[in-house]
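So you can see what is in the structure, the chains are spelled out below.
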Amino acid sequence: GAVAEKCKAIGDFAILVNNVGIGQGTADCLENLPTDRLEQMVTVNCTYPLLLTQKLLPQLKQRQHRSAILNISSVTAHLHYPYGTTYAATKAFNRSFSVSLAGECVKNEIDVLSVEPGWVATNMTKLSKGLLVCDAEECARGALQQLGYVSAIPHWKHFVMLNGIRCVTLWL
């Protein structure tokens with residue numbers, strides 16, 4: 001339909017970056033969150049990247065040169081994330097989708113990378129760059145340096161954050 005036609009109209013491209021995503025809005029128990037927000041998170045964070053990749057994958061497979069798909073996940077895909085359950089689950093989906101798709105794409109020289117950042121200063125997070133927070137450019141640079149792998153913690157700050165949280169949650 002219309003989506004397929006728009007995808008064909010894009011023309012030649014080498015990298016697809018699925019960077020769409022929304023957060024939970026508020027940290028709360030699953031049963032307290034509005035159902036429409038949960039459905040929206042699953043649709044935006046999981047369904048849209050899945051379907052866009054499905055539609056654009058044939059064009060990437062036709063390329064004569066190496067190409068890549070980067071799916072933005074999160075370190076939350078690796079963590080127990082109480083009060084952020086659905087967000088963490090959608091990011092775990094992105095990670096699993098990427099790792100599995102990488103196996104399908106290797107013969108076509110398409111690198112598929114699950115990018116799993118921690119805190120990044122963006123409009124969505126409203127965070128400022130700091131000790132454990134990098135900016136989007138640092139995150140992107142770190143991810144691109146890890147093309148060829150199937151998953152990437154893009155910055156040392158994210159690695160420190162992930163392992164720090166893991167240590168703390170072991171005691172909870």
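In every chain, residue numbers begin from 1 and rise along the written sequence. Totals for whole chains, interfaces and linings use every residue, but because this is a predicted model, local features are given only for residues with pLDDT of at least 70 and side-chain atom pairs only at 80 or more, for both listing and counting. In computing side-chain values, all of the structure's heavy atoms are included and hydrogens and water are not.

## Some remarks on the packing of helix H2 (residues 35–62) against helix H3 (residues 85–105)
Moving on, step 1. Packing of H2 against H3 brings their axes to within 9 Å, and their N-to-C directions diverge by 15 degrees. Judged on the interaxial angle alone, H3 and H2 are roughly parallel. Relative to H3, the crossing made by H2 is right-handed. Residues Leu-38, Met-41, Val-42, Asn-45, Cys-46, Pro-49, Leu-50, Thr-53 and Leu-57 of H2 form the contact with H3, whose own contacting residues are Thr-86, Tyr-87, Thr-90, Lys-91, Phe-93, Asn-94, Phe-97, Leu-101 and Cys-105.
Moving on, step 2. Residue composition of the contact of H2 with H3, by class: twelve nonpolar, five polar and one charged. For helices, the fitted line uses only the C-alpha atoms of the stretch in contact; every axis is such a line through C-alpha atoms, and the angle between N-to-C directions lies from 0 to 180 degrees. Helix and strand assignments follow DSSP, with helices taken as H or I runs no shorter than four residues and strands as E runs no shorter than two, numbered in order from the N terminus. Roughly parallel means an angle under 35 degrees; roughly antiparallel means over 145; roughly perpendicular covers 65 to 115; every other angle is labelled oblique. Throughout, a crossing is termed right-handed when the near helix is turned clockwise from the far one, and left-handed when it is turned anticlockwise from it by less than a right angle. Every residue pair with non-hydrogen atoms within 4.5 Å of one another is taken to be in contact. When residues are grouped by polarity, Ala, Val, Leu, Ile, Met, Phe, Trp, Tyr, Cys and Pro land in nonpolar, Asp, Glu, Lys and Arg in charged, and all others, Gly among them, in polar.

## Regarding the nonpolar core
Moving on, step 1. What is meant by a nonpolar core is a set of buried Ala, Val, Leu, Ile, Met, Phe, Trp, Tyr and Cys residues, joined one to another through side-chain atoms within 4.5 Å. When accessible area is computed with a 1.4 Å probe and restricted to protein chains, residues below 20% of their type maximum are described as buried, those above 50% as exposed, and intermediate ones as partly exposed. Residues Phe-13, Leu-16, Leu-56, Leu-57, Leu-60, Ile-69, Phe-97, Leu-101, Ala-102, Cys-105, Ile-110 and Val-112 constitute the largest nonpolar core, which totals twelve residues.
Moving on, step 2. If you list the elements that add at least two residues to this core, you get H2, H3 and strand E3 (110–115).
Moving on, step 3. Per-element accounting of this core gives the leading share, four residues, to H3.
Moving on, step 4. Membership of the second largest hydrophobic core comes to seven residues, among which are Ala-68, Leu-70, Ile-72 and Ala-152.

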